[in-house]
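Each chain is listed here by its residues.
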Amino acid sequence: MKKYIPILIVFALVITIVGLSRNSSVWAGPNASGANAPLKVIKTITADGTYNLGGICTVTSNFLADGFKTVGDAEIPVKQSSLVAFNPPPQPGYSDEWLLFPGCHFVNYKLDQNQQWQIQEPMDPNDVTAKVCFGASPVLTMRIYYYLDNPPSGTKAWILLPTTLENNNKLVCAPAQHTGVYMPSGSYLLDPSLARGGGGGGGGGGGGGSVVPPPSEITFNVPGTYAVGGICTITAKYNVTGLSDTVAVEFAEKHLTEETLKVLPDVVQGVFYFPGCHVIHFMDAQIQDQMNDPQQGSWQICFAAIPSKDMTIYYYKDNLTTITGPWVALESTTKGGKVCADLVDFSGVYVPAGVDKPSK
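Residues numbered from 1 in each chain as written. Predicted model: local features only at pLDDT ≥ 70, side-chain atom pairs only at ≥ 80, totals over all residues. Heavy atoms only, no water.

### A short note on the overall build of the chain
Note the threshold: Secondary structure is summarised from DSSP: a helix means a run of H or I of at least four residues, a strand means a run of E of at least two, and numbering begins at the N terminus for each. Burial classes follow relative accessibility: with a 1.4 Å probe on protein chains only, a residue under 20% of its type's maximum area counts as buried, one over 50% as exposed, and anything between as partly exposed. Two residues qualify as a contact provided that any one of their heavy atoms is within 4.5 Å of a heavy atom in the partner residue. All accessible areas in this document rest on Shrake-Rupley with a 1.4 Å probe, and a residue is counted as covered only by the protein chains that are shown.
Along the backbone of the chain there are three helices and 26 strands. Classification of the 360 residues of the chain by burial places 48% in the buried group. When contacts within the chain are restricted to residue pairs at least 6 apart in sequence, long-range pairs at least 24 apart make up 73% of them. In the structure as shown, the chain presents an accessible area of about 17700 Å², 54% of it carried by carbon and sulfur atoms.

### Observations concerning the state of the cysteines
Quick note on the threshold: Cysteine sulfurs are considered disulfide-paired once they come within 2.5 Å of each other.
Counted by the stated rule, this structure contains four disulfides. A disulfide bridge connects C302 with C340, and the sulfur atoms are separated by 2.0 Å. Linking C302 and C340, the disulfide has an S-S dihedral of approximately 110° and is accordingly described as right-handed. In this pair, C302 is assigned in strand 21 (residues 297-304) and C340 in strand 25 (residues 338-342), connecting sequence segments 38 residues apart.

### A few points about the pattern of salt bridges
Opposite charge on two side chains makes pairing possible when the charged atoms of those side chains draw close. Here is the rule: In what follows, salt bridge is the name for a side-chain nitrogen of Lys or Arg lying within 4 Å of a carboxyl oxygen of Asp or Glu.
For the structure shown, the criterion picks out three salt bridges. Between E166 and K131 there is a salt bridge, with its nearest N and O atoms 2.8 Å apart. With E166 in strand 11 (residues 164-166) and K131 in strand 8 (residues 128-135), the pair connects residues that are 35 residues apart, well separated along the chain. One salt bridge connects K309 with D356, and the closest N-O pair in it is separated by 2.4 Å. Taken together, the residues K309 in strand 22 (residues 309-318) and D356 in strand 26 (residues 348-356) connect sequence positions 47 residues apart.

### Some points on the packing of aromatic side chains
We apply this condition: Stacked, edge-to-face and tilted are the three classes for Phe, Tyr and Trp ring pairs, Trp counted by its six-membered ring, which pair at centre distances within 6.5 Å; planes under 30 degrees apart are stacked, over 60 edge-to-face, the rest tilted. Charge-over-ring contacts are defined here by two conditions on Lys NZ or Arg CZ: a distance within 6 Å of the ring centre and an angle within 35 degrees of the ring normal.
This model, assessed by the stated rule, comprises nine aromatic pairs. Ring plane angle 85° and centroid distance 5.0 Å describe the contact between F86 and Y145, whose orientation is recorded as edge-to-face. Placement of F86 in the loop between helix 2 (78-82) and strand 5 (98-99) and of Y145 in strand 9 (residues 141-148) is noted, with a sequence separation of 59 residues between them. Each member of the pair F86 and Y145 is classed as buried. Here Y238 and W299 contribute two aromatic rings whose centre-to-centre distance is 6.5 Å and whose plane-to-plane angle is 65°, an arrangement assigned as edge-to-face. Residue Y238 is found in strand 16 (residues 232-238), and its partner W299 is found in strand 21; the two are separated by 61 residues along the sequence. By the burial criterion, Y238 is buried, and W299 matches it. Through a chain of ring-to-ring contacts, three or more aromatic side chains come together here, namely F106, Y146 and Y182. Here the guanidinium or amino end of K69 rests over the ring plane of Y109, the centre of that ring lying 5.3 Å away.

### Quick notes on the pairing of strand 19 (residues 276-283)
Stated formally: Two strands qualify as a pair provided that DSSP identifies no fewer than 2 bridges between them.
Most of strand 19 sits inside the fold, with eight of its eight residues counted as buried. Along strand 19, one buried face is formed by G276, H278, I280 and F282 and the opposite face, lined by C277, V279, H281 and M283, is buried too. For strand 17 (residues 243-250) and strand 19, the ladder comprises eight bridges, and the chain directions are antiparallel. Counterpart to E250 in the pairing with strand 19 is G276. Note that strand 19 and strand 26 share three bridges and pair antiparallel. Within strand 26, the position partnered with C277 by the bridge is Y350. Pairing analysis gives two bridges linking strand 19 to strand 20 (residues 286-287), with the strands arranged antiparallel. Following the sheet pairing, F282 is matched in strand 20 by I287.

### Notes on the nonpolar core
Just so we agree on the cut-off: Nonpolar cores are built from buried Ala, Val, Leu, Ile, Met, Phe, Trp, Tyr and Cys residues. Side-chain atoms within 4.5 Å join them into one set.
In this structure, L53, F106, V132, F134 and Y182 are the most contacted members of the largest nonpolar core, which totals 31 residues. Sequence-distant contacts of Y182, that is, excluding residues within four places in its chain, are made with G103, C104, F106, V132, F134, Y145, Y146, L161, P175, A176 and Q177.

### Some points on the side chain of D149
Operational definition: This count recognises Lys and Arg as positive and Asp and Glu as negative, with His and chain-terminal groups excluded. Pairs of N or O atoms are called polar contacts if they sit within 3.5 Å, as long as, within protein, a hydrogen donor faces a hydrogen acceptor (for residues adjacent in sequence, only side-chain-to-side-chain pairs).
The residue D149 is located in the loop between strand 9 and strand 10 (159-160) in this model. Of the side chains with opposite charge, K156 comes closest to the buried, unpaired D149, at an N-O distance of 5.5 Å. Side chain to side chain, D149 and H105 meet in a polar contact 2.8 Å long. Those residues in contact with D149 that sit more than four places away from it in its chain are H105, V107, K156, T179, G180 and V181.

### Overview of the sheet that holds strand 8
Under the convention used in this document: Working convention: axes come from line fits to C-alpha atoms, limited for helices to the stretch in contact. Angles between N-to-C directions cover 0 to 180 degrees.
The strand order across the open sheet formed by five strands is 2-3-8-12-11, and the pairing between neighbours is antiparallel. Whereas interior strands pair on both sides, the edge strands pair on one side only; in this sheet they are strand 2 (49-53) and strand 11. Within the sheet, the average angular offset between the axes of one strand and its neighbour, ignoring direction, is 30°. Two elements, strand 11 and strand 12 (residues 171-175), share three bridges in a ladder whose sense is antiparallel. Residue T164 lies in a different strand from strand 12, and its bridge partner there is C173.

### Observations concerning unusual backbone geometry
The amide bond that connects F101 to the next residue, P102, takes the cis arrangement and shows omega of -5°. By the element assignment, P102 lies in the loop between strand 5 and strand 6 (104-111). The omega torsion across E121 and P122 is -10°, close enough to zero to call that bond cis. Structurally, P122 is set in the loop between strand 7 (117-119) and strand 8. Although it is not a glycine, Q115 adopts a positive phi angle of roughly 60°. Among the secondary structure elements, Q115 is positioned in the loop between strand 6 and strand 7. Look at Q115 and you get exposed, because its relative accessible area is 55%. Backbone geometry places N169, a non-glycine residue, at a positive phi of 65°. Counting through the fold element by element, N169 comes out in the loop between strand 11 and strand 12.

So, in structure tokens, the structure goes:
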């Protein structure tokens, strides 16, 4: 976490906090790790609309089906959130990135067949859509992260969300489909010639001219070609109804744990070039470990090809609950500066690898 901010930026932050707290949402500064939200608010949301939670954030909910609710809490114990490791990848041209405490907490519920409320993770966008917004600083580039209350791996981690500016750059917003804690981050531009080119969607900040990359996580249910975080493109063809996909940038850090190292084979042809992309297939909003019929749909993924390398795309199976190794090479084709391969018909992680081309 950044331990100091230049005096002019501190002054600008104070102005932003005072101005936004009167009208919409507000965040505390980076050294607020010992504080709580200024107003304890717990709100149960069951109808469409925009709700302010303690002056910390707003949440906009749109209920497309019956039997759902969200409990929002602006009083997140900062001590609890500060225990979750925050290790964002370096951003060329930007300062260190830090979390802006406090955040907001959302728990999503769905009525079961016995009319009992059960936690829903995540919310299906066909049932409910939600968006969280925080006050945007005029001097910082801001992004929004979240961590799950109960992650499948058992280890909580901050996950970057596609982030956009709204309301004439006064709000920084992101989708809020998960049950967990949401919090903005901040960094400032050091070198405009190295403006951000990594994932994460847009971001706040007063400096214009920065190139905004595609969001680092997308969900779609319409056939087409989609860009993900400037890392990969995916082309989907659906032959039946009910199909959808979530694709997210997969950073190398996720493969340095004891759990994920088991997917590595004894011999890898080439060097992996992270980050990769994680593709999750859905049928009727349910994760598919494997599609029942390959004729239901087809997919192709592409990465940038390194001119001096012979490139191959590898994958391993991962349906968010089970990782199945080892890495498996796909039949890959390099053309027009891209290396592409057809995806397998189950959810998985894809990363390109390369070996030196033989000398002529």
